[in-house]
Amino acid sequence: MHRVVALVRPVQSTFELGCAVEVFGTKRAGVPQHYEFEVCTETPGLVPTSAGYAMSVSRDLSTLDRASTVIIPGWAPVEAPLSDGVHRALLRAHARGARLVTICSGVFALARTGLLDGRSATTHPGRAEQLRREFPRVRVEQDRLYVDHGDVATSAGAGAGIDLCLHLVRHDHGAAHAALLARHMAMPPHREAPPPSAGDALDGLLEWAGTRLGTSLSVRAMAAHVGVSPRTLARRFAHHLGTSPGGWLLSRRVAEARALLEHTDLPVEAIAARVGLSSAVNLRRRFRAQLGMTPSAYRRASRVS
């Protein structure tokens, strides 16, 4: 069993903690349980919460020594420094191979360990500028739902914490299991957040292209629509979206195929044609590459009740 430990502190946000509990700590009939979930704090006892009640936490920081994943579900106030004990415990956990994960403002605690120096990270958009100012060695990507480096991972707002946790489940146990869990949670298996500034910077191209997925739309045609060369378009995509035009187009086509598999009974061949992937063979290949499963397996997993 993979042991997940959440590190809480007064005053603890109940929603951020709840995101981790829902994904890693809730038993559900028909869903294999792959995780053990625990909560610890620096000083065991009653920990005040943002909801106005106190929760009893009996485990101390030594619990982090047994964790495979450590979650920091928010950090309030964000200006609060790390105590020497918490600082040492987090670095010790990381040094022995534990994965350190933050939800929303929890990134401020992780940044204080130095483990994010020279790396990209995200947080709630309302805190992005503060994070950038206080930790100039951290590359803040405020338009990302989450950023995962393998050993450390950060999420944006509290809701994006669920997206990050489901992403970690996909990494640990495969896309089919994550889709099954998401279905039981009434959540989308995978959610994307295009940067809000990208639409303007790309002159409405994303919306235009999104309505033409079922056509033989090419990168050259996309570039022609905004009056630039394919090379210039590639630079704009890399700057604003962190991907290539072709990569974005493929991702949108697969996302549309997922929606059709979830909500219609169309044959796989018909779905492939509707999203511009030409054939069922091509759709299966793209699904395996991006999601680790076939379209038919995805449809079955998404419809488990």
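Placed above this text is the structure.
Residues numbered from 1 in each chain as written. Predicted model: local features only at pLDDT ≥ 70, side-chain atom pairs only at ≥ 80, totals over all residues. Heavy atoms only, no water.

*Asks:* Lay out the pairing of strand β3 (residues 45-48) with the relevant residues and their values.
*Replies:* Sheet topology note: the β3/strand β4 (residues 54-57) ladder contains four bridges and is antiparallel. Counted as the bridge partner of proline 48 is alanine 54 from β4. (Pairing = 2+ DSSP bridges. Helix = DSSP H or I, 4+ residues; strand = E, 2+ residues; numbered from the N terminus.)

*Asks:* Lay out empty space enclosed by the protein in plain terms, naming residues and giving numbers.
*Replies:* Enumeration over the complete set of coordinates arrives at three cavities of 30 Å³ or more. In this structure, the largest cavity occupies an estimated 90 Å³ of space. As for the largest cavity, its lining consists of 13 residues, and the residues nearest its centre are Val23, Pro32, Gln33, His177 and Leu181. Of all the elements in the fold, those that place two or more residues in the lining of the largest cavity are α1 (14-25) and α6 (175-184). At three residues, the largest contribution of residues to the lining of the largest cavity is made by α1. The residue inventory of the lining of the largest cavity, partitioned by class, reads seven nonpolar, five polar and one charged. (1 Å grid on protein atoms, 1.4 Å probe; cavity = no way out; pocket = protein on both sides within 12 Å on 5 of 7 lines; lining within 4 Å. Points joined across faces, edges and corners; volume = space filled by probe spheres on them. Nonpolar A, V, L, I, M, F, W, Y, C, P; charged D, E, K, R; others polar.)

*Asks:* Provide a residue-level description of the packing of helix α5 (residues 158-173) against α6, including the pertinent values.
*Replies:* To describe two helices that pack against each other, one gives the angle between their axes and the distance between the axes. Where α5 meets α6, the closest approach of the two axes is 7 Å, and the angle between their N-to-C directions is 145 degrees. Relative to α6, α5 is oriented so that their crossing is right-handed. Contacts between α5 and α6 pair Leu166, Val169, Arg170 and His173 from the former with Ala175, His177, Ala178, Leu181 and Ala182 from the latter. Its residues assigned to classes, the contact of α5 with α6 comprises six nonpolar, two polar and one charged. (Axes fitted to C-alpha atoms, helices over the stretch in contact; angles between N-to-C directions. Left-handed = near helix turned anticlockwise from the far one by under 90°. Contact = heavy atoms within 4.5 Å.)

*Asks:* Could you give me a rundown of the nonpolar core, with the residues and numbers involved?
*Replies:* The biggest cluster of nonpolar side chains holds 32 residues, and the ones touching the most others in it are Leu64, Leu90 and Leu116. Of all the secondary structure elements, the ones that give two or more residues to this core are β1 (2-8), β5 (69-73), α2 (84-95), α3 (107-111) and α4 (128-134). The element contributing the most residues to this core is α3, with five residues. Grouped together as the second largest cluster of nonpolar side chains are 27 residues, Cys19, Ala153, Ala156 and Ala160 included. (Core = buried A, V, L, I, M, F, W, Y, C linked by side-chain atoms within 4.5 Å. Buried < 20%, exposed > 50% of the residue type's maximum accessible area, 1.4 Å probe, protein only.)

*Asks:* So, the packing of aromatic side chains: which residues are in play, and what are the values?
*Replies:* For the structure on display, the rule yields four aromatic pairs. Both rings, one in phenylalanine 108 and one in phenylalanine 135, keep their centres 6.3 Å apart while their planes meet at 70 degrees; by these two values the pair is edge-to-face. Residue phenylalanine 108 is located in helix α3, and its partner phenylalanine 135 is located in the loop between α4 and β8 (139-140); the two are separated by 27 residues in the primary sequence. Summarising the burial analysis for this pair, phenylalanine 108 and phenylalanine 135 share the class buried. Here the aromatic rings of phenylalanine 237 and tryptophan 248 are separated by 6.0 Å at their centres, their planes lie at 65 degrees, and the arrangement is edge-to-face. (Phe/Tyr/Trp six-rings, centres within 6.5 Å; stacked < 30°, edge-to-face > 60°.)

*Asks:* Any details on helix α11 (residues 245-263)? Residues and values, ideally.
*Replies:* Along an α-helix, residues three or four positions apart point the same way, because every turn accommodates 3.6 residues. In a regular helix each residue adds 1.5 Å, so 19 residues correspond to 27 Å; α11 covers 27 Å between its end C-alpha atoms and thus fits that length. Taken as a whole, α11 has its buried residues at Pro245, Trp248, Leu249, Ser251, Arg253, Val254, Ala255, Ala257, Arg258, Leu260 and Leu261. (Expected span 1.5 Å × (residues − 1).)

*Asks:* So what about the side chain of serine 105? Which residues, and what values?
*Replies:* Relative to the helices and strands, serine 105 is located in the loop between β6 (99-103) and α3. Judged by relative accessible area, which is 11%, serine 105 ranks as buried. If sequence neighbours within four positions are ignored, serine 105 has contacts with Gly74, Trp75, Val78 and Thr123.

*Asks:* Tell me what's going on with unusual backbone geometry, and back it up with residues and numbers.
*Replies:* Cis geometry marks the peptide bond from proline 10 to valine 11, where omega comes out at -5 degrees. Examined against the element boundaries, valine 11 turns out to sit in the loop between β1 and α1. Cis geometry is found at the peptide bond from alanine 76 to proline 77, where omega equals -10 degrees. Among the secondary structure elements, proline 77 is positioned in the loop between β5 and α2. One non-glycine residue, cysteine 104, lies in positive phi territory at about 55 degrees.

*Asks:* So what's going on with the layout of surface pockets? Which residues, and what values?
*Replies:* Looking at the second largest pocket, its volume works out to about 170 Å³. Looking at the lining of the second largest pocket, the elements that each hand over two or more residues are β1 and β3. Of all the elements, β3 adds the most residues to the lining of the second largest pocket, at three residues. Residues belonging to the lining of the second largest pocket are distributed by class as follows: ten nonpolar, three polar and two charged.

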